[in-house]
Amino acid sequence: MTGVPASAAGGSSGAHGAPAGAASGRADAGGTSGRGSGAVSGAAGAAVPGAAEAVRTPGGAASDGQGGARPPRGGKIAAAAVNQASVWNVANLLTMLRLLLVPGFVMLMLADGGYDPAWRSFAWAAFAIAMITDLFDGHLARTYNLVTDFGKIADPIADKAIMGAALICLSGLGDLPWWVTAVILGRELGITLLRFLVIRYGVIPASRGGKLKTLTQGVAVGMYVLALTGWLATLRFWVMAAAVVLTVVTGLDYVRQAIVLRRRGIAERRAALEET
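Novice: Please explain the overall build of the protein chain as it appears in this structure.
Specialist: Secondary structure summary: the protein chain contains 10 helices and 0 strands in total. Its helices and strands taken in sequence order, the protein chain reads α-α-α-α-α-α-α-α-α-α from the N to the C terminus. Long-range pairs, those at least 24 residues apart, make up 70% of the contacts in the protein chain between residues at least 6 apart in sequence. Just so you have it, the protein chain exposes about 17,200 Å², and 67% of that area is on carbon and sulfur atoms.

Below is the structure:
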């Protein structure tokens, strides 16, 4: 009756799996175990599946003591490389194309004194491509999870660059009053700065009015880029007037939202401090 059945020994080893695993790990680390120690280690490994693997992974990574291998050296560098590679996606390429179109648009707009209908038509084509890519790059980024830090910065810059270049060229050629250019660009730059100022309290969402403003601005500026005459020239005046009104109204609405967002954020912080 002094013998201990194998099943009982196995049960005892299973009940004390952690010490057994630790003992196995010490024997492995020391490298001094003989056949007897190897048998004990093997028995412990059989009783506690994965105990040996908890010490040393096949790839040579050391265990963290909880049964999971520590990430190999250079893991963060590899992850950073993957994130950098993701910058070269379709949405960002469209944004880069829009940035490259800006100097091309300016050259076409000012070619031959800036009043040649043919060159103005080519300039309109470049402007239209830029505006169309603006519609698609944001949609692709959100739909297919292609949002990157580069896109967040470059997209609004590309939008302001092509619109600003068109407005400044038109005013410089005398086709559009300078005060219209000042109102539109002042509003765009001001709202962009305002977004950065209140971003600590939250994000101001894009409104339907803002999207309508962008569309109206694009149509109006595009009509001014073309050398239109007659009733089309009259029509573009009213389209631009609507764009200016929407620019001012939506700008004031963004200011209101920013004030509300800031007050709410300050109130929430004060409440959190009082609770603590």
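Novice: Hey, could you run me through helix 8 (residues 178-198) in this one?
Specialist: Between its first and last C-alpha, helix 8 extends 30 Å over 21 residues, near the 30 Å set by a 1.5 Å rise per residue. When helix 8 is considered as a whole, its buried residues turn out to be V180, T181, I184, L185, R187, E188, I191, L194 and V198. Against helix 7 (149-172), helix 9 (208-225) and helix 10 (231-275) lie the buried residues of helix 8.

Novice: Looking at this model, I keep getting lost on the packing of aromatic side chains. Mind explaining?
Specialist: Two aromatic rings are characterised by how far apart their centres lie and by the angle between their planes. Applying the stated criterion across every chain yields a total of 3 aromatic pairs. Taking the centre distance of 5.2 Å and the plane angle of 80 degrees together, the rings of F237 and W238 count as edge-to-face. Classification of F237 by relative accessible area gives partly exposed; the value is 45%. When its relative accessible area of 56% is taken as the criterion, W238 is described as exposed.

Novice: Honestly, the nonpolar core in this entry has me stumped. Any pointers?
Specialist: Side chains of a nonpolar character, in soluble globular proteins, are inclined to be buried together. Judged by nonpolar contacts, the single largest core of 30 residues is most densely connected at F105, M109, F127, V221 and M240. Listing elements by their share of this core, those giving two or more residues are helix 5 (90-110), helix 6 (117-143), helix 7, helix 8, helix 9 and helix 10. Looking at this core element by element, the count peaks at 7 residues for helix 7. Ranked by size, the runner-up nonpolar core spans 8 residues in total, among them V198, I204, Y254 and L261.

Novice: Just checking my understanding: could you explain the packing of helix 5 against helix 7 for this structure?
Specialist: For any two helices packed against each other, one specifies the crossing angle of their axes together with the interaxial distance. Axis separation between helix 5 and helix 7 bottoms out at 9 Å; the angle between their running directions is 15 degrees. Classified by the angle their axes make, helix 5 and helix 7 are roughly parallel. The element helix 5 and its partner helix 7 pack so that their crossing is left-handed. Of the residues in the contact of helix 5 with helix 7, the class split is 17 nonpolar, 3 polar and 3 charged.

Novice: Which parts of the structure should I look at to understand the confidence of the model for the protein chain?
Specialist: As a note on interpretation, predicted positions should not be read in detail where pLDDT is low. The predicted model of the protein chain has a mean per-residue pLDDT of 75, with 69% of residues at 70 or higher. Here residues 1-68 scores under 50 on pLDDT; set against residues more than four positions off or in separate chains, the count is 30 contacts. Below a pLDDT of 50 lies the segment residues 74-85, which in the model reaches 0 contacts outside its immediate sequence neighbourhood of four places, other chains included.

Novice: Got a minute to help me understand the environment of G114 in this structure?
Specialist: Summarising the element assignment, G114 is placed in the loop between helix 5 and helix 6. Classification of G114 by relative accessible area gives buried; the value is 0%. With residues up to four places along the chain from it excluded, the contact list for G114 reads M109, R120 and L173.

Rules of the game
- Residues numbered from 1 in each chain as written.
- Predicted model: local features only at pLDDT ≥ 70, side-chain atom pairs only at ≥ 80, totals over all residues.
- Heavy atoms only, no water.
- Helix = DSSP H or I, 4+ residues; strand = E, 2+ residues; numbered from the N terminus.
- Contact = heavy atoms within 4.5 Å.
- Areas by Shrake-Rupley, 256 points an atom, 1.4 Å probe, with all protein chains shown as cover.
- Expected span 1.5 Å × (residues − 1).
- Buried < 20%, exposed > 50% of the residue type's maximum accessible area, 1.4 Å probe, protein only.
- Phe/Tyr/Trp six-rings, centres within 6.5 Å; stacked < 30°, edge-to-face > 60°.
- Core = buried A, V, L, I, M, F, W, Y, C linked by side-chain atoms within 4.5 Å.
- Axes fitted to C-alpha atoms, helices over the stretch in contact; angles between N-to-C directions.
- Parallel < 35°, antiparallel > 145°, perpendicular 65-115°, else oblique.
- Left-handed = near helix turned anticlockwise from the far one by under 90°.
- Nonpolar A, V, L, I, M, F, W, Y, C, P; charged D, E, K, R; others polar.
- pLDDT = per-residue confidence, 0-100.

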